Structures are given as structure tokens and as C-alpha cells.
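# What the coordinates show
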Amino acid sequence: MPHPSAFAAELSWPDYHVAVRDGTTPILIPLGSMEQHGHHMPLHVDVLLPTEFARRAALRIGGLVAPAFTYGYKSQQKCGGGNHLPGTTSLEGSTLVSALRDVLKEFAHHGNRQFVIVNGHYENSWFITEAVDLALRELRWDGIADVKVVVLSYWDFVDEATIKQLYPDGFPGWAVEHGGVLETSLMLALYPQLVRLDRAIDHPPATFPPYDVYPVKPEWTPPSGTLSSPKEASREKGEIMLKVCTDGIVEALISEFGLKRQALPAAA
Ligand code: ZN
Ligand code: MN
């Protein structure tokens, strides 16, 4: 039976309790960051995008979307421009690990057994792994040993054929996609009112030496804050990526959790 909302926090506690107590409703937790995304996009791109992927997937598998993590691990220069840029507001790694571990354990104590971490900020990756590992270990101490967690980043579902279609002039790589064609196209498809393409700055993909330096050298980051140009972004490219990534995520979750497909609501 469909839930009254795809968002867990929009349910009353009795509705939530009925949905989760037997552990058969997957809980999708979006993880993002507050991070500059160039002159043309808002600071919450890494929250808005995984939340929407989670919502679309939840509607198709009968899951519930937990409140997103709206801060993430420190922006790194080679994949997010760097933590020194205005607006970028980050957590220490240990804070993120503790917070995600706490939330996973709380949900598990409510009865949830199937979790999906939907990551939208590359820098979170290893801290997610650590939080999941600690949560599973500590839940076993509580006698809860049947929790399964799928960890994914939505861009990993863009396949080679789609990359060729979307980047006819050559793919710069996901690391320098920060504020580039991928994120900007998705935002144009989902939140066009938040994108100012006329303010986008065109520049070649950022290049870095094969090592890191701390404190960062601000001059390594393009002055725009983006790591590649968003000029070739379009709503149409965003629609293609939305479909490819949502379909891929849904197939993965059906397979991992042995789920049945849900009838699609008309306006999904
Ligand atoms: Zn981003
Ligand atoms: Mn990011």
C-alpha cells in the first residue's frame, strides 16, 4: 500500500510505525553538503539532487525518504573546489560519521532493516563507509544482525553509452564535474528557477598536479568555483540522466532487497 508521503518525516508516528516496524520498507537517506557550486547555482545542489533521486526511487519501490544530511565532509579542492570558498560549510569527518551512525541505529531500533544511503557529495564517501560499519557492529551488540545497507552515489549509474551521448566532445571525468554539465543539467531539469545559466563562467576543465597540498593553494581552483564549464548543460541532458540514474538505482534496490516493483503514480 502506498505511504501517505514518500518523506518519512511527513508521516504521523502511527503511520510511520506501521510502515517500518516489520523492516520491509526501505529507508533512503540522502547525504549532501552545503558547498559553493559556481556563480550560477545555489549552495544546496548536493542536497537537492540526491533527495530527488531518493524520492523517485522510493515511489517506485515503496520506500521512505529520511530527512537529508544537509552538511557533509569538507570540500576538497580537486573534486569540490575546496573548503576555503565562501558559503561552503562542512562537518569534521568524525562528526559526520557519528551523526550517520546514530541515525542508522535509531532507524534500526524502530524496526527498519533495509537502508539506502543516496550520496550527492563525493567527499562523504569514506565517512559513509565508516558510519555504516560502526552502526552494523554496534547493532549486532544489541542483537540486531539482519540490517542491510546499500551505499550509492547517483552519478555512478550514468553508463558509458550515456556519457558518450552527453559529452560528445569528451568526458572530463566525474571529479571535475563539480558545478559542470552533470549537476547543472540535473538542476535545469528539476529546479530551473534556481539556476542562472547567464551567470555561468565558461572555462576549460581544471587540471591539478598528481598530489595534494595543505593548506590548499587557492589559485589551483578556477576563480569561478566550478571545476569544468556548465555551458553545455541543458534540461534535456538532465532529463536523460534523471531517467538513467533513477532506473539504475531502482534496479539495484529491487535486486539487493528482493523487492517488487510498485505501480507508478501518475505524476511521479
Ligand atoms: Zn555538487
Ligand atoms: Mn559536492
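Every value quoted in this text rests on a predicted model; they were computed, and no experiment measured them. (Residues numbered from 1 in each chain as written. Chains lettered and ligands numbered in written order. Predicted model: local features only at pLDDT ≥ 70, side-chain atom pairs only at ≥ 80, totals over all residues. Heavy atoms only, no water.)

### Here's the deal with the overall build of the protein chain
Helix and strand counts for the protein chain come out as eight helices and four strands. When the helices and strands of the protein chain are placed in sequence order, the string is α-β-α-β-α-α-β-α-β-α-α-α. Relative to the 2.2 N^0.38 estimate, which gives 18 Å for 268 residues, the radius of gyration of the protein chain is 19 Å and therefore close to what a compact globule would have. Residue burial in the protein chain is summarised as follows: out of 268 residues, 51% are buried. Sequence-distant contacts in the protein chain: of pairs separated by 6 or more residues, those separated by 24 or more amount to 78%. For the protein chain, the exposed area adds up to about 12600 Å²; of that, 56% sits on carbon and sulfur atoms. (Helix = DSSP H or I, 4+ residues; strand = E, 2+ residues; numbered from the N terminus. Rg over C-alpha atoms; globule rule 2.2 N^0.38 Å. Buried < 20%, exposed > 50% of the residue type's maximum accessible area, 1.4 Å probe, protein only. Contact = heavy atoms within 4.5 Å. Areas by Shrake-Rupley, 256 points an atom, 1.4 Å probe, with all protein chains shown as cover.)

### Thoughts on the nonpolar core
Ranked by internal contacts, the top residues of the largest apolar core, which has 38 residues, are Leu28, Phe53, Val116, Tyr154, Leu186 and Leu253. Elements supplying a minimum of two residues to this core: helix H2 (45–61), strand E3 (114–119), strand E4 (148–153), helix H6 (160–166), helix H7 (181–190) and helix H8 (235–257). Considering every element that reaches this core, the biggest residue donor is H8, with eight residues. Residues contacting Phe53, with those up to four places away along its chain left out, are Val118, Tyr154, Leu186, Met241, Leu242, Cys245, Thr246 and Ile249. By size, the runner-up hydrophobic cluster in this structure holds 29 residues, among which are Ile29, Leu96, Leu100 and Val149. (Core = buried A, V, L, I, M, F, W, Y, C linked by side-chain atoms within 4.5 Å.)

### Observations regarding the coordination of the zinc ion (ligand 1)
Taken together, the protein ligands of the zinc ion (ligand 1) are His37 (NE2), Asp46 (OD) and Glu183 (OE), with distances of 1.8 to 2.1 Å. Sequence spacing among the residues donating to the zinc ion (ligand 1) works out to H-x8-D-x136-E. Asp46 sits in the buried class, given a relative accessible area of 3%. You can call Glu183 buried: its relative accessible area is 6%. (Donors = N, O, S within 2.8 Å, 3.2 Å for Na, K, Ca; no water.)

### So, the coordination of the manganese ion (ligand 2)
Within the protein, the atoms that donate to the manganese ion (ligand 2) are Glu35 (OE), Asp46 (OD) and His121 (ND1), at distances of 1.9 to 2.4 Å. Here the donor residues of the manganese ion (ligand 2) are spaced in sequence according to E-x10-D-x74-H. For the pair the manganese ion (ligand 2) and the zinc ion (ligand 1), the metal-to-metal distance amounts to 3.4 Å, and Asp46 bridges them. Here Glu35 is found in the loop between strand E1 (27–31) and H2, whereas its partner His121 is found in the loop between E3 and helix H5 (125–141), with 86 residues between them in sequence. Its relative accessible area of 1% is what places Glu35 among the buried residues. We classify His121 as buried; its relative accessible area is 1%.

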